[in-house]
Amino acid sequence: AEFAAVCAMMGVFVTLLGLWLLAGVTCSDTPSECIREEASCFLQRTPSAGSLGGNGSIIGRQNWRGRGGGRTEREECHGHIRPALISGNDGPEPYGVYQPLNSNPLGTKKMSKIFQKLQINSIRPDEAGVAFDLRCMFPVASLDQLPDPNNESNWRWNASDRFFHAMIAGGFAPFLKLGVNTWTSTRISGQAYVNWTTGNVTYVIPPKAYDICEPWPAISPVINAIGPQLVMKIVERYNRHGALEASKWPGAFAGVELTNEWNTLICMPYGFGGCSASGNEPTAKDWANWCYGRPFTWSSRYWDGTPQMMYDFYVSTAKLIKLQYPGIRVGGPASGFSESFFPCGDISPTSLGMTWIKHFLENVKAQGAPLDFFSFHYYGQGQGQSTDMASLPTAYQSFLQVIESVGGFGDLPLAITEYNSPFVLGNQSAYVGSLAGAADNAAKMAFWVKEPRLHAAFLYQAVSGAFEALNPYSFPLGCSAKVLEPASNCSSCSMSLIQQEAPPEPMPAYSGSGPHCGCGPQDILWDNNGTYGPTGEWDSSCSCPLGMLQGCTACDNYHCQFGPEPESGMGAVYANGSLTPTGVLLRILREAQGSPKVKMENRTVAKLEAKGVYPISWQSRKRVASLLLSNPSPNVIHGLPAVSELIPSAIKVFRALRLAQSNGSQEVSGLDGFYSTVPLLGKVLLAPRFKGPASKKLGPLQPFQTVKLKVFFTGCAHEAPRRYYN
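Residues numbered from 1 in each chain as written. Predicted model: local features only at pLDDT ≥ 70, side-chain atom pairs only at ≥ 80, totals over all residues. Heavy atoms only, no water.

Focus on the pattern of salt bridges
One pass over the structure, following the stated rule, counts 16 salt bridges. Its salt-bridge partner being D133, residue R135 comes within 3.0 Å of it at the nearest N-O pair. R135 gets classed as buried once you look at its relative accessible area, which sits at 7%. For D133, a relative accessible area of 0% translates into the label buried. Among the ionic pairs, E645 bridges to K697, the shortest N-O distance being 2.5 Å. Remark: K697 occurs in the loop between β20 (692-693) and β21 (706-713) and E645 occurs in helix α17 (residues 643-646); sequence separation between them is 52 residues. In this structure K697 comes out as exposed when scored by relative accessible area, which is 52%. What emerges from the salt-bridge pattern is a single network uniting R124, D126, K177, E257 and E418. (Salt bridge = Lys/Arg side-chain N within 4 Å of Asp/Glu carboxyl O. Buried < 20%, exposed > 50% of the residue type's maximum accessible area, 1.4 Å probe, protein only. Helix = DSSP H or I, 4+ residues; strand = E, 2+ residues; numbered from the N terminus.)

And the structure:
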């Protein structure tokens, strides 16, 4: 009898439970339950397989259809979200050159576990301390007698070995940026110009030591002479057991990227001031009128040679790698996308910046060199850029147009090997360390998941590193010097200074749009302790001793940091393992890797993007879709559609989460976080007002808000997600 009573009570309980489920009650609303990415609890409450028709339509469940208002056939899903779109620069090995006070950095193993939880796919050593910095790996003291690359005693492998082994041990695909130095402040990199006729490089302000690494006397003479051999020595060391080969890392983006931002356009001594006069489309002649020489005469932090030297280095090195290791993915050129690369924002096919890209591609094609991917960087900030999301597709399409105009590359894959939200000098979080930056990065992701030719995206940075506040090797960003400009006719008043596609035209001295027509680099006299001559030094803006910033006036007004101290939040992960808002965004997106993209209604997507809201949708489980909506603007956005207008077969939003931030003790709004002077922590909170029938209009998105909705729908028309693929 007791047993029968218990059974009866269980029957009543099961009946009540079933009624409760059919009434639409969802998962527990406690944060610990709802932060979980799995939808298993909801799947147990969906209609049974017996209530589904053969084509996936719901039969006899008008209560479910009525609440959603969507169609009943299965949704069309197209393609998969590439896992390599969630990749990062640097880590899990700590940045060893400089650590802010009280940052308490984690060791490599603990950081690897955090990276694994975020499912960071591939890692690119960029600003990795002294690791993979060529001047640190292979010291060169004199150009007269270069060391032999084949002599092991000439190499310093320790830092690079540690970094590489940390990537492999953590299960992260290695994507090596080779043939380059680490980014440093100009007070370390110095300033030089190249003679286009002889190829000789003259340093008017000599480079200085970087941490334990002595500077090379010049970069391009070493690269021209032994650059391919240096890269091959590195590849041979780290491709043991095929560690760099694409086939070893299905779904990831392993390989080698040659060069890095070698197309930076530097105008000395004061920068290019002719945008208005040139109609924002500067020519080589305009550039020479302002900058004492044709474009690419002055050195950047990475390169001090001519463009043709760079093209030759890429061609010969890429051929060598492919000849010996055909399975290694090889590409470049890691172009930037800002006014430092495209003066006045001119990205037309004939612009100075795009002409460099075109010539690079033409050289690769003419020489039959391999180019497995074309890489570029996009931050949407700095050097005249903005957070306007319209500029991202414009940049992407501009590169595609140049690639297609050269022809012969087929459906060449693209890779964004550096991206993040805007960097703003100062002690406030601004974009990069706040919800604003996370929303901006989510909006970027919404664009490139739609682009079939975009194969990888590497967040800069995965973990805090080179650009944390007051790092004496990265700041001041730029230095200035006292110069004595010529007051009469220059010594080189001829068009030979200018690279012209057409035959030269006569150019009298001091004609044109700028003040330095006909002048060359040799016409500037540089101050050196009160004496002007052919060489000089940086002025008081960068006169502080190496290893410290005290006394550098360029650091006044918080101009030697991109956010709060001790860490800005630029990385996805703070040095101590805490997640930034962008880090939590990656955690939210981790289940998207390799998942089918749920096709959304084009007209509704266009309306959303016109409002400034950017959607991503994927199938996370059978009959469950995830929908990410981001608002990267400081405005409240009203008038959002119903989920069923985006995904017609959507039935119900059963879980809703929002990305949030705190100052360590309390939640901080999106707008307040922008001005925070303390580091911000990312978190996930419930967003119950977005739950309910899919036919219900969505509520407004707050400034810099990102939400993730779990949606019950009829499912994709094909099988479950394919997680990894080549």
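Brief notes about the pairing of strand β11 (residues 454-459)
Burial runs high along β11: five of the six residues are buried. Two strands pair when backbone bridges link them, and strand β2 (residues 87-89) and β11 are joined in this way by two bridges, in the parallel orientation. What sits directly across from G88, in β11, is L459. (Pairing = 2+ DSSP bridges.)

Quick notes on the nonpolar core
Within the largest apolar cluster, 158 residues are counted, with the highest numbers of intra-cluster contacts made by F132, L361 and W448. Among residues more than four places away in sequence, those in contact with F132 are P125, M137, S160, F163, F164, L176, L178, V180, I234 and Y238. (Core = buried A, V, L, I, M, F, W, Y, C linked by side-chain atoms within 4.5 Å. Contact = heavy atoms within 4.5 Å.)

Some words on the environment of T714
Mapped onto the elements of the fold, T714 is located in the segment after β21. Linking T714 and P648, residues 66 residues apart in sequence, is a C-alpha distance of 9.6 Å. Polar contacts involving the side chain of T714 include one to the side chain of S649, which spans 3.3 Å. (Polar contact = N/O pair within 3.5 Å; in protein donor to acceptor, adjacent residues only side chain to side chain.)

So, a positive patch on the surface
Taken together, the side chains of K109, K110, K113 and K117 present a region of like positive charge at the surface. Topologically, K110 is positioned in helix α5 (residues 108-118). (Patch = residues over 30% accessible without salt bridge, like charges linked within 9 Å, V, L, I, M, F, W, Y side chains within 5 Å. Areas by Shrake-Rupley, 256 points an atom, 1.4 Å probe, with all protein chains shown as cover. Lys, Arg positive; Asp, Glu negative; His and termini not counted. Charge placed at Lys NZ, Arg CZ, Asp CG, Glu CD.)

Notes on the packing of aromatic side chains
Summed over all chains, the structure comprises 44 aromatic pairs. Centre to centre, the rings of W356 and F360 are 6.0 Å apart; their planes meet at 10 degrees, and the pair counts as stacked. Highlighted residues: W356 and F360, both in helix α12 (residues 352-366), separated by four residues, approximately one helical turn. On the basis of relative accessible area, W356 is assigned to the buried category, the value being 3%. Here R329 stacks its cationic end above the ring of F253, 4.2 Å away from the centre of that ring. (Phe/Tyr/Trp six-rings, centres within 6.5 Å; stacked < 30°, edge-to-face > 60°. Lys NZ or Arg CZ within 6 Å of the ring centre and 35° of its normal.)

Examining the sheet that holds strand β13 (residues 525-528)
Read across the open sheet, the three strands follow the order β12-β13-β14; overall the sheet is antiparallel. Each edge of the sheet is formed by a strand with only one pairing partner; in this case those strands are β12 (483-484) and β14 (531-533). Relative to β13, β12 is paired through two bridges, and the arrangement is antiparallel. The residue of β13 that forms the bridge with L484 is L525.

A look at a nonpolar patch on the surface
Taken together, the side chains of L484, L525 and Y532 present a nonpolar region at the surface, about 250 Å² in accessible area. With respect to the secondary-structure elements, L525 resides in strand β13. By relative accessible area, which is 32% here, L525 ends up partly exposed.

Comments concerning the environment of P393
Among the secondary structure elements, P393 is positioned in helix α13 (residues 391-406). Along the chain, P393 and K444 lie 51 residues apart, while their C-alpha atoms are 9.4 Å from each other.

Thoughts on the sheet that holds strand β4 (residues 173-178)
Pairing is parallel in the closed barrel, where eight strands are placed in the order β2-β3-β4-β7-β8-β9-β10-β11. Adjacent strand axes in the sheet meet at a mean angle of 25 degrees, parallel and antiparallel pairs treated alike. Relative to β11, strand β10 (residues 414-419) is paired through four bridges, and the arrangement is parallel. From the neighbouring strand, A415 faces β11, where its bridge partner is A456. The strands touched by helix α11 (residues 307-324) within the sheet are β7 (255-258) and β8 (330-335), with β8 carrying the most contacts at an inclination of about 155 degrees. (Axes fitted to C-alpha atoms, helices over the stretch in contact; angles between N-to-C directions.)

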